[in-house]
Structures are given as structure tokens and as C-alpha cells.
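# Close look at the chain arrangement
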Amino acid sequence: MTQIDAYIAEHEQRFLEDLKGWLRIPSISTLPEYAADVRRAAEYAAAQLRSIGLDNVRLIETPGHPLVYGEWLKAAGRPTLLIYGHYDVQPVDPIELWQTPPFEPTIRGENLYCRGACDDKGQTMLVFKALETLMATEGGLPVNVRLLIEGEEEAGGESIEHYVRTYPERLSCDAVFICDTHMPAPDLPALISGLRGIIYTEVEARGAVRDLHSGTYGGIAPNPFHALALIIAGLKDARGHIHIPGLYDRQREAPPQEQRFWQEDPLHLAETLRQEMGVPQLSGEPEYPPLQRIWARPTLEVHGFVGGFSGEGAKTVIPASGKVKISMRIPPDLGLTAEEVYRLFERRVKELAPPDVEVSIHKIHAGEGVLVSPEAPVIRAATAALQQTYGREPVFIREGGSIPVAALFNDILRVPIVLMGFGLPDDNLHSPNEKYSLKQFFKGLRTVARFLQLYGQGA
């Protein structure tokens with residue numbers, strides 16, 4: 001047993017208790033009533049960084065939720081790694097589907113259940129504990145580090161974008177490390193080579209000046225919900241094709257090796273995902289293989305309706321207005337920025353709107369996609385660390401989700417980005433009963449510690 005293994009074994013229970021303490025704070029960034037809790041979560045993170053022994057730990061105030069910063073820059077002649085994570089979490093609705101309270105961390109079997117257990121408090125905490133382990137066993141870190149932890153990732157990331165664009169010199173580094181991704185299976189380590197961008201919108205349709213009785217006015221009154229249904233059906237058809245003119249005009253072909261991987265699916269990822277979802281068949285564009293659909297094709301999804309009557313029983317009302325929340329995921333190969341996609345989306349919605357309603361479109365947040373080159377020394381160090389911890393070479397895969405800050409760092413800092421996380425496909429991110437594998441937590445901790453050692457050695 002190495003010194004690192006011995007230290008982790010000795011402090012395993014404390015590591016878990018520190019994570020549980022963070023998880024108990026309901027840091028829901030999108031709901032204003034939780035603002036004080038979001039700040040408490042930031043203060044908790046800062047306290048963790050101080051206990052590790054990092055320098056210059058502080059909260060960076062913003063118009064929104066604070067950023068947490070810390071650094072250790074005493075490894076002379078070694079590279080500097082910027083480490084990113086986020087302490088905010090998604091809302092918990094529908095709360096009745098949780099088996100245990102969403103902010104009471106509960107261990108069942110080999111998993112820890114709680115909102116934020118995986119996304120991203122669990123993954124950020126394992127990085128904190130890897131730093132602590134190295135500081136305690138080696139008296140310092142093998143590389144220089146800066147940490148920037150945000151509290152608005154689930155709410156669009158406006159504050160961190162402003163900070164990075166305004167003060168890039170404060171984040172000077174040779175590479176960025178983001179631990180907010182997943183692996184296809186517990187025994188299959190992975191590095192993420194691409195992420196999709198996103199636009200998240202709210203489309204509102206307005207009809208009459210007030211809600212109307214459907215018997216008195218039905219047949220002549222505009223119905224905003226029906227108008228929204230027509231818009232949605234016009235945006236995407238039953239076979240999953242998106243009908244937005246101009247969306248595909250600049251699309252680039254992916255490298256042949258990626259296309260072969262998507263087509264052959266040698267790891268049977270599509271079937272694993274189908275079983276995990278519990279559905280009889282996969283949806284989407286049938287002419288493209290499933291892996292391409294989830295990683296490298298644009299998507300358009302409806303997330304919820306607002307308005308009208310949705311309670312128990314009946315109320316024969318024609319609503320005066322209705323809203324629908326719609327997002328699009330934007331693969332980097334599409335050749336369009338998030339803003340360009342939003343403008344195409346906005347124009348198409350207005351084209352599809354029936355003439356008897358007034359439609360408005362609001363962009364809630366947006367972010368760009370990113371592609372990562374596997375050739376950088378920092379990527380080689382991450383590859384070796386995963387191989388040594390998991391006993392097999394990691395696969396390079398894309399991820400269908402969006403981490404807008406990755407594209408931001410790529411655009412502003414111009415350094416390689418390591419997207420190495422330890423979540424699993426069934427961790428229920430953004431859903432009830434979110435979980436994190438305890439084995440993955442501790443394997444991830446060991447992997448990150450080894451990654452920092454190898455990067456410092458020039459591997």
C-alpha cells in the first residue's frame with residue numbers, strides 16, 4: 001500500500017462526512033429563495049480549500065452567486081493547472097419521486113443518494129480530497145494549481161463568464177481540468193473529447209386578454225397551448241428531424257475513426273443506454289447511429305409547459321397565455337455559434353406561429369460546444385492515470401451534455417482541457433434519486449492524485 005492509499009484508507013470516513021455536509025446544503029441556484037443556501041455552499045467550499053492548506057482562498061463576489069477561488073503556486077518549474085467545479089445543484093422536483101429526502105445524503109448499497117451527489121459536489125469534493133492527500137503525504141503538490149468553483153453552472157454561468165472574460169490574467173495556466181463528466185461503465189474509464197453547446201429558451205404564446213370559458217368561446221377563441229403544440233410539431237417531426245432552415249448549412253464531417261466508432265458501437269453503449277432508460281426502442285433520426293445522435297447531432301427537446309389548468313379534476317378554461325421551455329444541443333461540428341442557432345430558432349418559431357396568437361421568445365441561457373485534442377501532454381497524463389487506476393486504457397468519447405465553461409476556457413485561455421469525470425450513466429443527474437457510486441468516488445480520488453503526479457513529472 002502506497003502512502004496515498006494509506007492516507008485515503010485512514011481518512012475515508014471523514015472524506016465522506018465532508019461530502020455529506022456539503023450535500024445537505026440546498027444550493028439550488030435557479031431559485032431565488034435558495035440564495036442564502038447557495039452562499040453557504042460557497043463558504044463551505046472555501047473552508048475545505050483552507051483546510052487543505054491552499055493560499056489566497058476567497059469568495060469572489062459577483063452580481064449573482066459568488067465564485068470560490070484558491071491557489072497553490074509553489075511548484076517551481078512545474079506546470080499550472082486550473083481546476084474547475086461547481087457547487088450549485090438542480091431543483092429537486094418532482095419531490096414525491098425521491099425515496100429519501102433530496103438533501104439528506106443516504107447510503108443504500110454501494111451508492112450515496114442526494115441531490116448534487118454526482119453533479120457536481122461529489123466530483124468536486126473528490127478533487128479537493130486528492131489535493132489534501134497529496135499535500136499531507138508529500139508536503140506539497142506536484143504541480144501548481146488554481147481552483148475556480150462556481151455557483152451558477154445550473155443557471156447559465158453568467159457570472160463566471162464575465163469574470164473569465166474580464167480577468168483572464170488572474171487564471172493564467174498551462175491546462176484546465178474539469179471533473180464533471182461520466183464513464184460509460186464502472187470498469188470502462190473514459191476521457192471526453194467533445195461536448196455539445198446549448199441554448200435554453202422559453203416560448204410564450206398569448207391569445208385573449210383573460211382566461212375564457214371553453215363552452216362560451218370555444219371555436220372562435222385562440223388557444224395558446226394549441227399554438228405552442230403546432231410550433232413544436234413544426235420544429236421537430238415524429239422521426240426526430242429538426243426543421244429549422246439554415247441549421248445544417250455549415251455542418252462539418254466528423255473524423256472517419258469517430259464515425260466508425262459510432263457505427264460499430266463496439267462497447268454496446270446504445271443498448272446499455274436503452275436498458276438504463278427502460279424503453280423498448282431508441283428514438284431519434286433513424287438514419288444516424290445512436291451514438292452519433294446523442295453526441296454529434298443537434299437536438300431539440302421540450303422540458304415543460306406553464307399556464308392553463310393542470311390540477312386534479314376538470315376546469316374548462318381556454319388559457320389567455322401559455323409558455324413552453326425548449327432547449328437545443330449544438331454539436332461543435334455544426335459550425336454555428338449558440339447565438340447563431342438561437343437566431344435561426346427564433347425566426348422559425350415566428351414563422352410557425354398561428355396568426356391568432358402573439359408569440360415571444362426569450363433566451364434563458366446559452367453556451368458553446370467544444371472539441372478536445374488528445375495529443376497534449378496533460379491529456380497523456382490523464383490517460384496514464386486512468387489506465388493505472390482502472391487497469392485498462394480509457395476510451396475517448398464525446399458527451400451529449402453541455403459544459404459551457406469548457407468552451408469559455410478554450411476560447412479565452414487557449415490551453416488544453418481535460419474532461420475527466422467518474423459519474424455513471426445511471427446516476428440520475430437532474431432527476432429524482434440522484435446518486436454517486438462510492439467506489440467511483442474513491443477510485444476517482446486516487447486517479448486524480450495520480451494524474452497530478454504524472455502531469456508534474458511531464459508524463
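Presented here is an overview of the structure given in this document.

Take the side chain of Ser 27 next. Relative to the helices and strands, Ser 27 resides in the loop between α1 (3–23) and α2 (35–52). Classification of Ser 27 as buried rests on a relative accessible area of 0%. Non-local contacts of Ser 27, meaning those with residues more than four positions away in its chain, are made with Asp 37, Val 38, Ala 41, Tyr 87, Asp 88, Val 89, Phe 103 and Lys 121.

Taken in spatial order, the six strands make up an open sheet running β1-β2-β6-β3-β7-β17, and their pairing is mixed. The sheet is open, and its two edges are formed by β1 (55–60) and β17 (417–419), each paired on a single side. The sheet shows a mean angle of 15° between the axes of neighbouring strands, direction not considered.

Core analysis: the largest hydrophobic core is formed by 106 residues, its most contacted members being Leu 148, Phe 177, Ile 178, Phe 409, Met 420, Phe 422 and Phe 451. The biggest single contributor to this core is helix α13 (residues 438–456), with 10 residues. Apart from residues no more than four positions distant in its own chain, Phe 409 is found in contact with Leu 82, Tyr 84, Val 164, Val 176, Ile 178, Arg 414 and Ile 417.

Our focus in this paragraph is unusual backbone geometry. Peptide bonds are trans in most cases, and residues, glycine excluded, mostly fall at negative phi. For the peptide bond that leads from Asp 93 to Pro 94, omega is -5°, which places it in the cis range. Locating Pro 94 in the fold gives a position in the loop between β3 (80–86) and β4 (106–108). Here the residue pair Asp 119 and Asp 120 is connected by a cis peptide bond, since its omega of 0° sits within 30 degrees of zero. One non-glycine residue with positive phi stands out, namely Asn 56, at about 55°. By secondary structure assignment, the location of Asn 56 is in strand β1. Here the phi dihedral of Arg 414 falls at roughly 55°; this positive angle occurs in a residue that is not glycine. Here Arg 414 shows up in the loop between α12 (404–412) and β17. Here Arg 414 falls in the exposed class, since its relative accessible area comes to 64%.

This part is about the packing of helix α3 (residues 121–138) against α13. Orientation of α3 relative to α13, taken along the N-to-C sense of each, is 55°, at an axis distance of 8 Å. Between α3 and α13, the angle is such that the two are oblique. Between α3 and α13 lies a crossing whose hand is right-handed. Contacts between α3 and α13 involve Gly 122, Met 125, Leu 126, Val 127, Lys 129, Ala 130, Leu 131, Thr 133, Leu 134 and Glu 138 on the former and, on the latter, Phe 441, Gly 444, Leu 445, Val 448, Ala 449, Leu 452 and Gln 453. Residues belonging to the contact of α3 with α13 are distributed by class as follows: 11 nonpolar, four polar and two charged.

What counts, and at which threshold
For every chain, the first residue of the written sequence is number 1, and numbering continues from 1 along that sequence. Selection of residues for local features in this predicted model requires a pLDDT of at least 70, selection of side-chain atom pairs for listing and counting requires 80 or more, and totals for whole chains, interfaces and linings are taken over all residues. The side-chain numbers reported here are obtained from all heavy atoms of the structure, hydrogens and water having been left aside. Only DSSP runs of H or I with at least four residues qualify as helices, and only runs of E with at least two residues qualify as strands; both kinds are numbered from the N terminus onward. Think of it in three bands: residues with accessible area under 20% of the maximum for their type are buried, residues over 50% are exposed, and the middle band is partly exposed, with areas taken using a 1.4 Å probe on protein chains only. Throughout, a contact is declared for two residues whenever any of their heavy atoms are within 4.5 Å. By definition, two strands form a pair when at least two bridges between them are found by DSSP. The convention used is that axes are lines fitted to C-alpha atoms, helices contributing only their stretch in contact, and that angles between N-to-C directions extend from 0 to 180 degrees. For our purposes a nonpolar core is just a set of buried Ala, Val, Leu, Ile, Met, Phe, Trp, Tyr and Cys residues, chained together by side-chain atoms within 4.5 Å. Just so you know how the angles are binned, under 35 degrees is roughly parallel, over 145 roughly antiparallel, 65 to 115 roughly perpendicular, and the rest oblique. The handedness criterion is simple: a crossing whose near helix is rotated anticlockwise from the far helix by less than a right angle is left-handed, and one whose near helix is rotated clockwise is right-handed. The classification used treats Ala, Val, Leu, Ile, Met, Phe, Trp, Tyr, Cys and Pro as nonpolar, Asp, Glu, Lys and Arg as charged, and all other residues, Gly among them, as polar.

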